[in-house]
Amino acid sequence: NLSYKSIFFFMDGIEFLSQDIQKRYQKSGLTKPKEQTFVGDRSFIDFDKMYIAPKKIKIIAGAARLEPQKNIPLVVEAADILINKMKLNVYFDLLIPNDGAEAIKKKINSYKLEQYFTILFSNNPETNLSDSLIFLSLQDYNNYPSQLLLEAMACGCAIVATDVGETSKLVDKDVGFLTKKTSTDIAEKISYLIKDYDRTLKLGLNARNRIKRQYTIDNYGSYVKTIY
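Residues numbered from 1 in each chain as written. Predicted model: local features only at pLDDT ≥ 70, side-chain atom pairs only at ≥ 80, totals over all residues. Heavy atoms only, no water.

Caption draft 1: Focus on the side chain of Asp-93. Tracing the backbone through its elements, the reader meets Asp-93 in strand β4 (residues 91-95). Not counting chain neighbours up to four residues away, the residues in contact with Asp-93 comprise Lys-58, Ile-59, Ile-60, Ala-61, Thr-118, Leu-120 and Asn-128. (Helix = DSSP H or I, 4+ residues; strand = E, 2+ residues; numbered from the N terminus. Contact = heavy atoms within 4.5 Å.)

Okay, here's the thing in structure tokens:
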């Protein structure tokens, strides 16, 4: 849009969080010279705020904005398979805003899953992530480098993420599963993790260690310094 075009025109440099984002802007007509565009080799979170609490058989997903590409309804569909068909006793936290959540609540009610879901929005997501066993990141285009995904990994959650975009930079067999964007495949991956609790705990610890090593403020700061 005009605002972005104006900003990009006057900027000496543009830094993108991922190659996927850069490519989308280029397809939309971005014409900045190559030497004036940069792509981050990582993102970062405040790791010191993240912690692990005793893990419950709880699955968590979230979205700061309820955009269709976040696929929060898919979480409910996977829960239907896990609870009503596989007969697993598992609970879900959805970290989503109240605005626009009515459709999600209606879907939960239609599957008779009210007692298995908690819907809330928190300014301190680590309090909910810390005792969750599994985190779902089910975006359409790219889960990298989602801040909530980074925070979930830092809180020791095993990850189930859609295999799209650059997600594999963050998620692999050492921290969880990449999945197809179908409720059946997602439910199967979650079921496997629930049934092998000890291994899933180890995947969560691997995820935390990955964030601690790579996605720190110091590492990101060193990268930004090279741009300036």
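Caption draft 2: How the structure looks around the packing of helix α3 (residues 72-85) against helix α4 (residues 102-110). Between α3 and α4, the shortest axis-to-axis distance is 10 Å and the interhelical angle comes to 10°. In terms of orientation, α3 lies roughly parallel with respect to α4. Taking contact as the criterion, the partners of Ile-72, Pro-73, Val-76 and Glu-77 in α3 are, on α4, Ile-104, Lys-107 and Ile-108. Considered class by class, the residues forming the contact of α3 with α4 number five nonpolar, no polar and two charged. (Axes fitted to C-alpha atoms, helices over the stretch in contact; angles between N-to-C directions. Parallel < 35°, antiparallel > 145°, perpendicular 65-115°, else oblique. Nonpolar A, V, L, I, M, F, W, Y, C, P; charged D, E, K, R; others polar.)

Caption draft 3: Here's a closer look at the environment of Gly-165. Tracing the chain through its elements places Gly-165 in the loop between β7 (158-162) and β8 (176-179). Between the C-alpha atom of Gly-165 and that of Gln-19, which follows or precedes it by 146 residues, the distance is 9.2 Å. Sequence-distant contacts of Gly-165, defined by excluding residues within four places in its chain, comprise Tyr-141 and Asn-142.

Caption draft 4: Fine view of the packing of helix α6 (residues 147-154) against helix α8 (residues 197-214). Viewed as axis vectors pointing N to C, α6 and α8 meet at an angle of 120°, and their least axial separation amounts to 7 Å. From α6, Leu-150, Met-153 and Ala-154 reach across to α8, where they touch Gly-204, Ala-207, Arg-208, Arg-210 and Ile-211. The residue inventory of the contact of α6 with α8, partitioned by class, reads five nonpolar, one polar and two charged.

Caption draft 5: Layout of the state of the cysteines. Considering all chains together, one arrives at zero disulfides under this definition. Cys-155 provides the cysteine sulfur closest to Cys-157, a residue in no disulfide bond, and the two sulfurs are 6.2 Å apart. (Disulfide = S-S within 2.5 Å.)

Caption draft 6: A look at the sheet that holds β7. Strand order in the open sheet made by the six strands is β5-β4-β3-β6-β7-β8, with parallel pairing throughout. Looking at which strands have only one partner, the edges of the open sheet turn out to be β5 (117-120) and β8. Pairwise comparison of adjacent strand axes, ignoring direction, gives a mean angle of 20° for this sheet. By the bridge criterion, five bridges tie strand β3 (residues 56-62) to β4 in an arrangement that is parallel. Looking at the pairing, Ile-59 lines up with Phe-92 of β4. Together, β4 and β5 form the strand contacts of α4, whose direction differs from that of β5 by roughly 175°. Sheet strands touched by helix α7 (residues 183-195): β3, β6 (132-137), β7 and β8. Its angle to β8, the strand with the most contacts, is close to 170°. (Pairing = 2+ DSSP bridges.)

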